Structure formats: structure tokens, C-alpha cells
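Next come the chains, spelled out residue by residue.
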Amino acid sequence: MEEIKIFCAATIANISCGFDVLGLALDNVGDEMIVRKVPQKGVTITKIIGQNLPLETHKNVAGVAALALLSKVDTDFGFEIEIYKNIKPGSGIGSSAASSAGAVYGINELLGRPFSNHDLIEFAMQGERLASGVAHADNVAPALLGGFTLVRSTAPLDVLKIHTPNELYATVIHPQIEVKTSDAREILRSSVPLKTAIKQWGNIGGLISGLYTEDYDLIGRSLEDYIVEPIRSILIPAFNSVKTESIKSGALGAGISGSGPSIFALSEGSKNASKVAIAMKKVYDKVGIAYDVHISKINTEGIKKL
Ligand code: ADP
């Protein structure tokens, strides 16, 4: 194989109670990439369509992740990468993770798969380090593995793929405003009262159990974040209305996607997910800020070959 074309999924990190540990992959929202073997050694990004992002290998997360992988193998050839960007950077649905994950997945396939998808997470995390200053795995893990993922530990890296109920759908609204990841991090408190922590880990356990047993009510009851959302939601216009109206119209629960500004809701079935989209749009039409809305089944495969 000399060339591969792939779909790289958008991802939702945190998922209410799972700050910095949980993530999920979307099925029909994502970028496309072409990765090609070329005689010249190294990594060249030859094309980026859809967004204005750096072509220089060291400034693009795809290039940085690719070089992290190539530092572990000996090849007498190199790779070209084309990125067709549909996920806007800074949207909170894993734009940088899609490129980081796609680059390492594509190269690994062209090399004959010396690494497992789990192994690739560590390389893709180097792309995330370039994007945000922190080599976090909560977006690249679901982008590479699909479904829900839990980053149990980052040092040493221990990532688990969690069972995804078949009828689970996500609705995401992306208001066209900028929330800087650094600002979203800075406003967080560094300590948590024990009483609050107890409520939060009750929810994480409940959510994981609900996913495995396909208990949609339990999933809904557990989608509550007592630690980060009350603080971060201040940065997102009409967050509380979007959440309340989503749940009123049938969502199991709703929260901030990644560090925002996107807001996600989870629903049982595509019909409910569509009703939630209408409710979200109604709120934002009143606010008067432009937005995109996505409705997607949860993607259990991760990156897909096209
Ligand atoms: P997201 O949460 O959607 O990934 P971030 O704000 O975390 O958005 O990351 C986007 C940052 O990464 C921007 O500064 C962007 O310029 C940089 N970046 C570099 N290469 C890429 C790429 N291939 N795709 C997306 N963002 C990239």
C-alpha cells in the first residue's frame, strides 16, 4: 500500500463527570486525510483544505505526531500528508486530535501496522502537546479507538475502551465564539471539597456502569458534573438554557464538550437527538450568535478507511 485515505472523527472529551478522563468519538463529523509514502525521508504536509493552519511539519499537530512515531522506527522513505479539515480548530470537538490521530494511524497502516491503535495514542498525544501545551489523551484516545474511552492513567498510559450502547446519539451545538483552552483551564479551582468529589466519583461509576449495562436512565442520571461545569459554563453564552431545553426535549443529559464552547447532549435514539437539535437551535436563535449543529451516532470504530 502506497497511499491511504481516512476519516478522522471529531471527539467529545470530558463528558460531564469525566473531566480529563472520558471521551467519545462521533460518527459523521470529522476530517479526511490522505497519507502517502514518498521516497524522500521525513514528513511533509502538502495540502490543508478548509482551514488556515500551518503547513510546517513542526507547527502542525499532524506533523509532530507523525515524527513522534517515526522516531521509533527505521525507514528509508518518508510520508506526505494532505488534510481536509471540517472540524474548526478551537471548537471543543477535537480538531487537533483528529489530525494527530489520523497522521499516526495512516503512517502505521502504510508501515504494515508495527503498532497497535493503543500504542498510537502516545504518539498522537505529542500533537496535543503542540496544540494545548499538555500531552492529553482524552480526545486522541476515542479518535483512535472509537466508542467511549477512559484514560485511567497517563503515566504510565492506561486507556480503556468502554462499551457503547447501540442507540446512543450525540447532539452538539458549536457557537461561533472563541473560548481559549488556556482561559478555560485557568479559571478552574485546584482543590475540590470531599463532599463534591464523592458526588462526582459516584457519577463516573454510574456512567461507566450505565454504558456497559445499556441502562439509559442510569447514563442520564450520571451525566452531571459538580466540579468543572459550574465554573466553565460561565464562558459559554446560554449554556444553562441549552442544557435545560435539551433535557426537556428528551436528552439523557448535556454538558460542555471539551473545554467548550461546544455543548453536547446524549440521547437514546436518533429521533430524540434530532428533537434536541431543534431545542438547542431555538435557544441560540434567541441569543443571536451563529452556530453549527451536529447529530451523530457514537462511532465505535474510530478512524475509518475510505
Ligand atoms: P480543539 O480543541 O478543537 O482541538 P485546540 O484549540 O485545542 O482545538 O487546538 C487547536 C490549536 O492547534 C490551534 O492553535 C491550531 O492552530 C493548532 N493546530 C496545529 N495543527 C493543527 C491541525 N492539523 N488541526 C487543528 N489544529 C491544529
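In what follows, the structure referred to is the one given above.
Throughout what follows, the structure given in this document is the object of discussion. The numbering scheme is per chain: residues are counted from 1 as the chain's sequence reads. Given that the model is predicted, a residue must reach a pLDDT of at least 70 before its local features are reported, and side-chain atom pairs must reach 80 or more before they are shown or counted; all residues, however, enter totals for whole chains, interfaces and linings. Note that the side-chain values use all heavy atoms of the structure and ignore hydrogens as well as water.

1. Concerning the overall build of the chain
Stated formally: Here a helix means four or more residues in a row that DSSP labels H or I, a strand means two or more in a row labelled E, and each is numbered from the N terminus. Our radius of gyration looks at C-alpha atoms and nothing else; its globule reference is 2.2 Å times the residue count to the power 0.38. Residues count as neighbours in contact if any of their non-hydrogen atoms are within 4.5 Å of one another. Accessible surface is estimated by sampling points in the Shrake-Rupley manner with a 1.4 Å probe; for residues, cover comes only from the protein chains shown.
Scanning the chain from terminus to terminus reveals 10 helices and 11 strands. The C-alpha atoms of the chain give 19 Å as radius of gyration, which agrees with the globular expectation for 306 residues (19 Å, within 12%). Seen through its principal axes, the chain has C-alpha atoms that stretch 55 × 40 × 35 Å. By sequence separation, contacts in the chain at least 24 residues apart represent 73% of the contacts at least 6 residues apart. For the chain, the computed accessible surface area is about 13,100 Å², with 51% contributed by carbon and sulfur atoms.

2. Thoughts on the site of the ligand
Here is the rule: One heavy atom suffices: a residue is near a molecule or strand as soon as one of its heavy atoms comes within 4 Å of it. Contacts described as polar in this section are N or O atom pairs within 3.5 Å, which, within protein, must combine one atom able to donate a hydrogen with one able to accept it, while residues neighboring in sequence count only if both atoms come from side chains. In this classification, the charged set is Asp, Glu, Lys and Arg, the nonpolar set is Ala, Val, Leu, Ile, Met, Phe, Trp, Tyr, Cys and Pro, and all remaining amino acids, among them Gly, are polar.
The environment of the ligand is made up of 15 residues, and the closest members are N60, G90, S95, S96 and S99. The side chain of S96 places a nitrogen or oxygen atom 2.6 Å from an oxygen atom of the ligand. In isolation the ligand exposes 560 Å². Once the protein is present, 79% of that is buried. With three residues, the single largest contributor to the shell around the ligand is helix 2 (residues 95–110). Grouping the amino acids of the shell around the ligand by side-chain chemistry returns three nonpolar, nine polar and three charged.

3. What about the environment of P237?
As a reminder of what qualifies: Note on exposure labels: buried denotes an accessible area under 20% of the residue type's maximum, exposed denotes more than 50%, and partly exposed covers the range between, all computed with a 1.4 Å probe on protein chains only.
Here P237 is to be found in the loop between helix 8 (229–232) and helix 9 (239–248). Judged by relative accessible area, P237 falls into the partly exposed class, the value being 26%. Residues P237 and I177, 60 residues apart in the sequence, show an inter-C-alpha distance of 9.3 Å.

4. Quick notes on helix 6 (residues 194–213)
Applied cut-off: How far a helix is expected to stretch is found by multiplying one less than its residue total by 1.5 Å.
Across its 20 residues, helix 6 extends 28 Å between first and last C-alpha, which sits within 8% of the 28 Å expected from 1.5 Å per residue. What helix 6 keeps buried is the set T196, A197, Q200, N203, I204, G206, L207, I208, G210 and L211. Each element contacted by the buried residues of helix 6 is listed here: strand 2 (22–38), strand 5 (148–154), strand 6 (157–162), strand 7 (168–175) and helix 7 (216–222). E214 sits one or two residues past helix 6 and shows a positive phi near 55°.

5. A word on the packing of helix 9 against helix 10 (residues 270–287)
Quick note on the threshold: Throughout, an axis means a line fitted to C-alpha atoms (over the contacting stretch in the case of helices), and angles, computed between N-to-C directions, take values from 0 to 180 degrees. Working rule for angles: under 35 degrees goes down as roughly parallel, over 145 as roughly antiparallel, 65 to 115 as roughly perpendicular, anything else as oblique. In this scheme, a crossing is called left-handed if the near helix is turned counterclockwise away from the far one by less than a right angle; it is called right-handed if the turn is clockwise.
The contact between helix 9 and helix 10 brings their axes to 9 Å, and the two run at 150°. When the axis of helix 9 is compared with that of helix 10, the two are roughly antiparallel. The crossing of helix 9 and helix 10 is right-handed. Counted together, S241, V242, E245 and S246 of helix 9 and V276, A279, M280, V283 and Y284 of helix 10 form the full contact between these two elements. A per-class count over the contact of helix 9 with helix 10 returns six nonpolar, two polar and one charged.

6. Quick notes on the packing of aromatic side chains
Test applied: Between the rings of Phe, Tyr and Trp (Trp by its six-membered ring), a pair exists once the centres lie within 6.5 Å; its type follows the angle of the planes, with under 30 degrees stacked, over 60 edge-to-face, and the other angles tilted. We call a charge positioned over a ring when the NZ of a Lys or the CZ of an Arg lies within 6 Å of the ring centre and within 35 degrees of the ring normal.
Taken as a whole and assessed by the stated rule, the structure comprises three aromatic pairs. Centroid distance F77 to F79: 5.7 Å. Interplanar angle 70°. Geometry classified as edge-to-face. Judged by relative accessible area, F77 falls into the partly exposed class, the value being 22%. Taking 5.0 Å as the distance between ring centres and 75° as the angle between the ring planes, the aromatic pair formed by F115 and F123 counts as edge-to-face. Of the two residues examined, F115 and F123, each falls in the buried class. Sitting above the plane of the Y226 ring, K199 keeps its charged end 4.3 Å from the centroid.

7. Some remarks on the nonpolar core
Note the following rule: Throughout this description, the term nonpolar core refers to a set of buried Ala, Val, Leu, Ile, Met, Phe, Trp, Tyr and Cys residues connected via side-chain atoms within 4.5 Å.
Formed by 68 residues in total, the largest nonpolar core has its most connected members in I15, I81, I121, L144, F148 and L266. Not counting chain neighbours up to four residues away, the residues in contact with L144 comprise A101, V104, Y105, N117, L120, I121, A124, E301, G302 and I303. With 13 residues, the next largest nonpolar core counts I236, V242, I256 and A265 among its residues.

8. Some remarks on the environment of C17
Position of C17 relative to the elements: it lies in the loop between strand 1 (3–13) and strand 2. Taking the C-alpha atoms as reference points, C17 and I204, 187 residues apart in sequence, are found 5.9 Å from one another. Setting aside chain neighbours within four positions, we find C17 in contact with Q200, N203, I204, L207, S222, E224 and D225.

9. Let's talk about a negative patch on the surface
Test applied: Patches in this entry comprise residues that are over 30% relatively accessible and not in a salt bridge; like charges within 9 Å are linked, as are nonpolar side chains (Val, Leu, Ile, Met, Phe, Trp, Tyr) within 5 Å. When a carboxyl oxygen of Asp or Glu lies within 4 Å of a side-chain nitrogen of Lys or Arg, that pair is called a salt bridge. The charge count treats Lys and Arg as positive and Asp and Glu as negative. His and the chain ends do not count. Charge positions come from single atoms, namely NZ of Lys, CZ of Arg, CG of Asp or CD of Glu.
A surface patch of like charges, here negative, comprises E167, D215, D217 and E268. Looking at where D217 falls in the secondary structure, it is placed in helix 7.

10. With respect to the pattern of salt bridges
If you walk through the whole model with that rule in mind, you get 15 salt bridges. With a shortest N-O distance of 2.8 Å, E3 and R36 are connected by a salt bridge. On the criterion of sequence distance, the pair formed by E3 in strand 1 and R36 in strand 2 is long-range, its members being 33 residues apart. Across the salt bridge formed by D31 and K85, the nearest N and O atoms sit 2.5 Å from each other. Residue D31 is located in strand 2, and its partner K85 is located in the loop between strand 4 (78–84) and helix 2; the two are separated by 54 residues in the primary sequence.

Function-wise, these values are silent; they only describe arrangement.
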